[in-house]
Amino acid sequence: MDLVPVVDISDPGATSLADLDRACRDHGFFLLSGHGLDEVISATFDAARRFFAAPYEVKDRVRRSAEVALGYNERELTKRVRDHKEVFDFVDPRGRSAKRNRWPDDAEVAGFRDAMVRHYDACSDLAARTTELVFTALGCSDQTVRHHSGDRAVSSARLNHYTLGDPVPADERSDLADLGETALGDHTDPGVLTLLLQDDAGGLQAQSRNGDWIDVEPVPGTVVVNLADSVQVWTNDRYRAAVHRVLPMTATDRISIPYFLHPTRDAVVEPITELIGSDEPRYRSFEWRQFMRARTDDNFADLGADDTQISDYLISN
């Protein structure tokens, strides 16, 4: 666990910031304590369990589509193979895209929407504080923090239910991609950072710079943080977008709840001058909106090509 440090966000000291810096350079994961969200987290898990325990027809009525990538899905792909999980996605319930969200009827999953609204508000606040913490560890100016803090209006939240066995009914699997060897294949997240609530089932792993896999073990009372692609580009590879995966469930199911903090809608992602100093930028600039679209278009169906990655924007030596 020393490899994945715990940082008290209510009172981060020099030692914990140094530990955070070391972890972000190696694998991009750390844990937060002192967040003050225990009650919200408990209510969010309760609501998630009620939703996934609901009858199939309840979940099917809020199923995502190829046009609107929000709601329920148990057929998502990661790098062209199918995940061992069912999910529920939503965006800012108070934002301009809120009407695209698909909520189950309150009579069928009582209190679900209210719990998710409260969860989104709490995570948006914590994500902003966490981003500031990361930039503090980097020694950045207040101006840099303000311009790279992300935007809740274009971020998103998800409920994951990792099942024992295939989540798709047996009579509906014939035309689907094969399940992957892992419950969730190795990947990076495209945004700024991800806040993750995880139960005690375990299975989450991060890859270090030397290629070893590190268990990100559940620690009661903490929130998991992993860095995403934009931070790796902004820091010119000083910090790593966390490569992570989830092992298959063999004894019990697993629920995890990520909040994905994204850059502003019109952001241009490129190395930050303050951080690269006299070094040459390793990445050419790209528009966040186009990058995100390229990363997510094939989550719903296999488009016959690999996902777009930040490595596609590397400047050759």
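Residues numbered from 1 in each chain as written. Predicted model: local features only at pLDDT ≥ 70, side-chain atom pairs only at ≥ 80, totals over all residues. Heavy atoms only, no water.

Student: Can you tell me about the overall build of the protein, naming the residues and giving the values?
Tutor: When you go through the protein residue by residue, the secondary structure sums to eight helices and 16 strands. Whereas a compact globule of 317 residues would reach a radius of gyration of roughly 20 Å, the protein reaches 19 Å, a difference of no more than 12%. Expressed along its principal axes, the backbone C-alpha trace of the protein runs to roughly 60 × 45 × 40 Å. Residues classed as buried in the protein amount to 55% of the 317 residues present. Counted over contacts in the protein with a minimum sequence separation of 6, partners at least 24 positions apart contribute 78%. Only carbon and sulfur atoms are counted for the fraction: they give 45% of the accessible area of the protein, which is about 14400 Å². Distance between charge centroids for the protein: 4 Å, based on 36 positive and 55 negative side chains. (Helix = DSSP H or I, 4+ residues; strand = E, 2+ residues; numbered from the N terminus. Rg over C-alpha atoms; globule rule 2.2 N^0.38 Å. Buried < 20%, exposed > 50% of the residue type's maximum accessible area, 1.4 Å probe, protein only. Contact = heavy atoms within 4.5 Å. Areas by Shrake-Rupley, 256 points an atom, 1.4 Å probe, with all protein chains shown as cover. Lys, Arg positive; Asp, Glu negative; His and termini not counted. Charge placed at Lys NZ, Arg CZ, Asp CG, Glu CD.)

Student: Describe the packing of helix H2 (residues 38–53) against helix H4 (residues 112–138), naming the residues involved and giving the relevant values.
Tutor: Two packed helices can be described by the angle between their axes and the distance between those axes. Their axes nearest at 9 Å, the elements H2 and H4 cross at an angle of 140°. In this view, H2 runs oblique relative to H4, as classed from their interaxial angle. The hand of the H2/H4 crossing is left-handed. Every residue of H4 that contacts H2 at Glu39, Val40, Ala43, Thr44, Ala47, Arg50 and Phe51 is listed here: Phe112, Ala115, Met116, Arg118, His119 and Ala122. Residue classes in the contact of H2 with H4 are distributed as eight nonpolar, two polar and three charged. (Axes fitted to C-alpha atoms, helices over the stretch in contact; angles between N-to-C directions. Parallel < 35°, antiparallel > 145°, perpendicular 65-115°, else oblique. Left-handed = near helix turned anticlockwise from the far one by under 90°. Nonpolar A, V, L, I, M, F, W, Y, C, P; charged D, E, K, R; others polar.)

Student: Before we move on, can you summarise the pairing of strand S9 (residues 193–198) with the specific residues and values?
Tutor: A regular strand places its side chains on the two faces of the sheet in alternate fashion. Counting buried positions over the six residues of S9 gives six, a clear majority of the element. In S9, alternate side chains face the same way, and those of Leu193, Leu195 and Leu197 on one face and Thr194, Leu196 and Gln198 on the other are all buried. When S9 meets strand S12 (residues 223–227), the two strands line up antiparallel, connected through four bridges. When the bridges of S12 are listed, Leu196 appears paired with Val224. As defined by bridge partners, S9 adjoins strand S14 (residues 254–261) across six bridges and the pair is classed as antiparallel. Residue pairing across strands places Leu195 opposite Tyr259, the latter belonging to S14. (Pairing = 2+ DSSP bridges.)

Student: An account of the pairing of S12 is requested, with residue identities and associated values reported.
Tutor: The element S12 is extensively covered by neighbouring structure, given that five of its five residues are classed as buried. Burial of S12 is two-sided: the residues Val223, Val225 and Leu227 facing one way and the residues Val224 and Asn226 facing the other way are all buried.

Student: Any chance you could break down empty space enclosed by the protein for me, citing the residues and the numbers?
Tutor: Scanning the entire structure with this criterion turns up one cavity of 30 Å³ or more. A volume near 40 Å³ is recorded for the largest cavity. Surrounding the largest cavity, Leu37, Val40, Ile41, Thr44, His119, Cys123, Leu126, Leu197 and Val223 form its lining. When contributions to the lining of the largest cavity are tallied by element, the ones reaching two or more residues are H2 and H4. When the residues that make up the lining of the largest cavity are grouped by side-chain class, the tally is seven nonpolar, two polar and no charged. (1 Å grid on protein atoms, 1.4 Å probe; cavity = no way out; pocket = protein on both sides within 12 Å on 5 of 7 lines; lining within 4 Å. Points joined across faces, edges and corners; volume = space filled by probe spheres on them.)

Student: An account of the side chain of Glu76 is requested, with residue identities and associated values reported.
Tutor: Among the structural elements, Glu76 can be located in the loop between strand S3 (71–73) and strand S4 (77–78). On the accessibility criterion, Glu76 (5% relative accessible area) is buried. Within the structure, Glu76 has its side chain in polar contact with the side chain of Arg158 (distance 2.6 Å). (Polar contact = N/O pair within 3.5 Å; in protein donor to acceptor, adjacent residues only side chain to side chain.)

Student: Can you break down the sheet that holds strand S11 (residues 213–215) residue by residue, with the values?
Tutor: The strand order S8-S13-S10-S11 describes an open sheet built from four strands, whose pairing is antiparallel. If you trace the sheet from one side to the other, it starts and ends with strand S8 (184–187) and S11, each paired once. The average undirected angle you get between the axes of adjacent strands in this sheet is 25°. Judged from the two bridges that link them, S8 and strand S13 (residues 244–246) form a sheet pairing that is antiparallel. Across the sheet, residue Leu184 finds its bridge partner in S13, namely Val246.

Student: An account of helix H1 (residues 14–26) is requested, with residue identities and associated values reported.
Tutor: With 13 residues, H1 should cover 18 Å at 1.5 Å per step; its first-to-last C-alpha distance of 19 Å lies within 8% of that length. By the burial criterion, the buried members of H1 are Ser16, Leu17, Leu20, Asp21, Ala23 and Cys24. Buried residues along H1 cover an arc of 170° about the axis, so they all sit on one side. When the buried face of H1 is taken as reference, the exposed residues oriented beyond 90 degrees from it are Ala14, Thr15 and Arg22. On its buried face, H1 is in contact with strand S1 (6–8), strand S2 (29–33), H4 and S12. Immediately downstream of H1, the backbone of Gly28 shows phi near 85°, a positive value. (Expected span 1.5 Å × (residues − 1). Arc of directions from axis to C-beta.)

All we've got here are geometric facts, nothing functional implied.
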